Amino acid sequence: MAKDMTLLWVTGSPPCWRVMIALEEKNLQGYNQKLLSFDKMEHKSQQVLDINPRGQIPTFKHGDNVINESYAACFYLESQFKSQGTKLIPDGPAEQALMYQRMFEGLTFYEKLNVVIYYSFDWFVPEGERHESALKRNKEALVTELRLWEGYLQKLGSGSYLAGPSFTLADVVVFPTVGTVFRFGLSPERYPKLGEYHNLLKERPSIRASWPPHWLESPKGLDTLKDI
């Protein structure tokens, strides 16, 4: 099954990481994969454009089926391989509702993180066009978002996943964002519940197996978020 799958990805990209975690959880190791480079603009290569005309990563194909949006790919893998590996959508309506809620809130979390990270460098906004007032506003919005997630985890209690006692699709898609905030210097002392959640999941086999290679090569991250 996995031999019919192809994933084109970039190290450190949360959307790519989501799909890789889902593949690991569904015991779909051995798929065809190619590590690309944003710096070399390989996401705009013909190989990617043939599968993903948006020229974005991840680019994922199973047989003749193309699913490039990371959330869609994760849902697809759970749907197609429901009885294999980890069951990622709980049966209980309350836990399922919470899972869907946290999954899609995760998109807002990722967006608010990106705005701060990308604004801090010249990836999206050239240095001459950056303004301290905008950076301050973006950071304040991220703080509000982080406090929301801190509160969610506080309410669930120690040792919980995002939707309750079971690891679900919510964790598959949101953990890469959590991993990224700590990679960029977020203080676990200031956000202890997020720190606890990060520690709970970072040694999970699916997450360990898909950990961004360049993070392994350079364990020390950046300090962009140290004052957040």
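Note that the coordinates shown come from a computational prediction; the quantities given were computed from them, not determined experimentally.

Q: Can you walk me through the nonpolar core in this structure?
A: Side chains of a nonpolar character, in soluble globular proteins, are inclined to be buried together. In terms of nonpolar packing, the biggest core is built from 65 residues, with L23, F60, L77 and V172 touching the most fellow members. The element that contributes the greatest number of residues to this core is helix α6 (residues 169-183), accounting for nine residues. Residue assignment places this core across two domains, with domain 1 (2-81) and domain 2 (93-217) each supplying three or more.

Q: Would you mind going over the sheet that holds strand β3 (residues 59-62) with me for this structure?
A: Strands pair in a sheet through their backbones, by hydrogen bonds, and they do so in one of two ways: parallel or antiparallel. If you trace the four strands from one edge of the open sheet to the other, you get β2-β1-β3-β4, paired in mixed fashion. Looking at which strands have only one partner, the edges of the open sheet turn out to be β2 (32-36) and β4 (65-66). Note: β3 against β4, two bridges, orientation antiparallel. Bridge assignment links K61 to a residue of β4, and that residue is V66. Seen against the sheet, helix α1 (residues 14-25) touches β1 (5-10), β2 and β3 and runs at an angle of roughly 140° to β1.

Q: I keep staring at unusual backbone geometry and nothing clicks. Help me out?
A: Backbone geometry follows two general trends: most residues other than glycine have a negative phi, and most peptide bonds adopt the trans configuration. Residue P58 is reached from I57 by a cis peptide bond, and omega for that bond is 10°. Summarising the element assignment, P58 is placed in the loop between α2 (46-49) and β3. Even without glycine at this site, N27 takes up a positive phi of about 60°. You can see N27 is positioned in the loop between α1 and β2. Relative accessible area serves as the criterion here: at 46%, N27 is assigned to the partly exposed category.

Q: Which parts of the structure should I look at to understand a nonpolar patch on the surface?
A: A surface patch of nonpolar side chains, about 260 Å² in accessible area, is lined by Y100, F104 and L107. Positionally, Y100 belongs in helix α4 (residues 93-120). We classify Y100 as partly exposed; its relative accessible area is 30%.

Criteria and cut-off values
- Residues numbered from 1 in each chain as written.
- Predicted model: local features only at pLDDT ≥ 70, side-chain atom pairs only at ≥ 80, totals over all residues.
- Heavy atoms only, no water.
- Core = buried A, V, L, I, M, F, W, Y, C linked by side-chain atoms within 4.5 Å.
- Buried < 20%, exposed > 50% of the residue type's maximum accessible area, 1.4 Å probe, protein only.
- Helix = DSSP H or I, 4+ residues; strand = E, 2+ residues; numbered from the N terminus.
- Domains from an automatic or database assignment.
- Pairing = 2+ DSSP bridges.
- Contact = heavy atoms within 4.5 Å.
- Axes fitted to C-alpha atoms, helices over the stretch in contact; angles between N-to-C directions.
- Patch = residues over 30% accessible without salt bridge, like charges linked within 9 Å, V, L, I, M, F, W, Y side chains within 5 Å.
- Areas by Shrake-Rupley, 256 points an atom, 1.4 Å probe, with all protein chains shown as cover.
- Salt bridge = Lys/Arg side-chain N within 4 Å of Asp/Glu carboxyl O.

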